[in-house]
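For reference, the chains in residue letters:
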Amino acid sequence: MAEAALHSTGEDTDKPDSVVLTRREGAVSTVLMHQPDNLNSFTPELRAGLAAALEEAALDRSVRAIVLGGSGRFFSAGANLKRGTVGTESIRDILIREYKPLFDAITQAPQPVIAAVQGGAAGIGMSLVVACDLVVMEENAFLLSPFTNIGLVPDGGSTWTLTQAIGHRAAFEFAVGGDRMPAARARELNLANRLAPPGEALATAESWAAELAQKAPLALTATKRLMRTAGAQSFDDLFLAEAEAQETCGNTADAAEGIAAFLEKRPPRFTGE
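First, a word on scope: everything that follows refers to the structure included in this document. Owing to the predicted nature of the structure, the values given are computational and were not obtained by experimental measurement.

What counts, and where the lines are drawn
Throughout, a residue's number is its position along its own chain's written sequence, starting from 1. Since the coordinates come from a predicted model, pLDDT governs what is reported: local features require at least 70, and pairs of side-chain atoms require 80 or more to be given and counted, while whole-chain, interface and lining totals use all residues. Hydrogens and water molecules were not included; the side-chain quantities draw on all heavy atoms of the structure. To sort residues, take the accessible area from a 1.4 Å probe on protein chains only and compare it with the maximum for the residue type: under 20% means buried, over 50% means exposed, and anything in between is partly exposed. Under the DSSP-based scheme used, a helix requires at least four consecutive residues in state H or I and a strand at least two consecutive residues in state E, with every element numbered from the N terminus. The directions from the helix axis to the C-beta atoms form the arc being described. Pairing between strands is defined by DSSP: at least two bridges between the two strands are required. Geometry is summarised by axes, namely lines fitted to C-alpha atoms with helices restricted to the contacting stretch, and by angles between N-to-C directions that run from 0 to 180 degrees. Between the first and last residue of a helix there are one fewer steps than residues, each counted as 1.5 Å, and that sum is the expected span. Pairs of residues are marked as contacts when any of their non-hydrogen atoms sit within 4.5 Å. Salt bridge, as used here: a side-chain nitrogen of Lys or Arg that lies within 4 Å of a carboxyl oxygen of Asp or Glu.

**Digging into helix 5 (residues 168–177)**
Buried within helix 5 we find Ala 170, Ala 171, Phe 174 and Ala 175. End-on view of helix 5: buried residues confined to an arc of 125 degrees, all on one side of the axis. Of the exposed residues in helix 5, the ones pointing more than 90 degrees away from its buried face are His 168, Arg 169, Phe 172 and Glu 173.

Now the structure itself:
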């Protein structure tokens, strides 16, 4: 993606102090946290900028897959503890008002969101990774849940996402242990889908996103929504939801194109209609 345009989400696309960078190649939008000097730890500016960039990508119908990464040697070190809270604002309010929108932007985006993890993802940075639909980790990267080491509880929805992904016992062990989880172990537990050589997570994620961008976008969106809600529904309810989604997708031009392409033994040309 060397030729992709790299720009900030602010009005001045060349501002040196931009905390979030985006770039676009084809139908893939890449969103990068850009505070490498503090390991992309979350400041108010980063929280707001990242939510805005993810929401913008999600609302763009020409974007069919999103990659989330971080500049520098670390995906994200989590909350910036040195800055503390702002004024008298409660931690609860900050989590609900400033963090929740960026997590919603990931989980509610119609496109698949792929996390590209280099170095490590700690604290709510780890929670952000686990919230994504797919995860690529470099072989020397790690996940870390340090909350109980500093007298806090896991946040960013990770008590739910971790438990849904790996079950109560494994999730609880990771959450309270405070130890680094190497990429290989994350892969074993299905917290990471693919491993990449050092320095290759972002390129690997972008290549994967480009492949997904060739799929039928309406079918991708419907599949994401079904699987996002699967853990909260009964088999019967989900069966019915699948039937409704299949009815909708089956009547689209993309379904007709997909079937025609299969019968004609050629690549399909999906338009999202």
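**Concerning the sheet that holds strand 8 (residues 142–144)**
Sheet architecture is open: three strands sit in the order 6-8-9, paired in mixed fashion. Across the chains shown, the open sheet's two edge strands, defined by having one partner strand only, are strand 6 (120–122) and strand 9 (180–182). Averaged over neighbouring strand pairs, the angle between their axes works out to 15 degrees when direction is ignored. Bridge count between strand 8 and strand 9: three bridges; the pairing is antiparallel.

**Focus: helix 8 (residues 217–229)**
Residues three or four positions apart in an α-helix share a direction because the helix packs 3.6 residues into each turn. Counted at 1.5 Å a residue, the expected span for helix 8 with its 13 residues is 18 Å, and the 19 Å between its end C-alpha atoms agrees. Of the residues making up helix 8, those classed as buried are Pro 217, Thr 221, Ala 222, Lys 224 and Leu 226. Contact partners of the buried residues in helix 8: helix 2 (91–107), strand 5 (113–117), helix 9 (235–250) and helix 10 (253–264).

**Some remarks on the pattern of salt bridges**
In total, this model carries eleven salt bridges according to the counting rule given. The partner of Asp 60 in a salt bridge is Arg 24, with the nearest N and O atoms 3.4 Å apart. One end of the pair, Asp 60, is in the loop between helix 1 (44–59) and strand 4 (65–70); the other, Arg 24, is in strand 2 (residues 20–25), and 36 residues separate them in sequence. Judged by its relative accessible area of 27%, Asp 60 falls in the partly exposed class.

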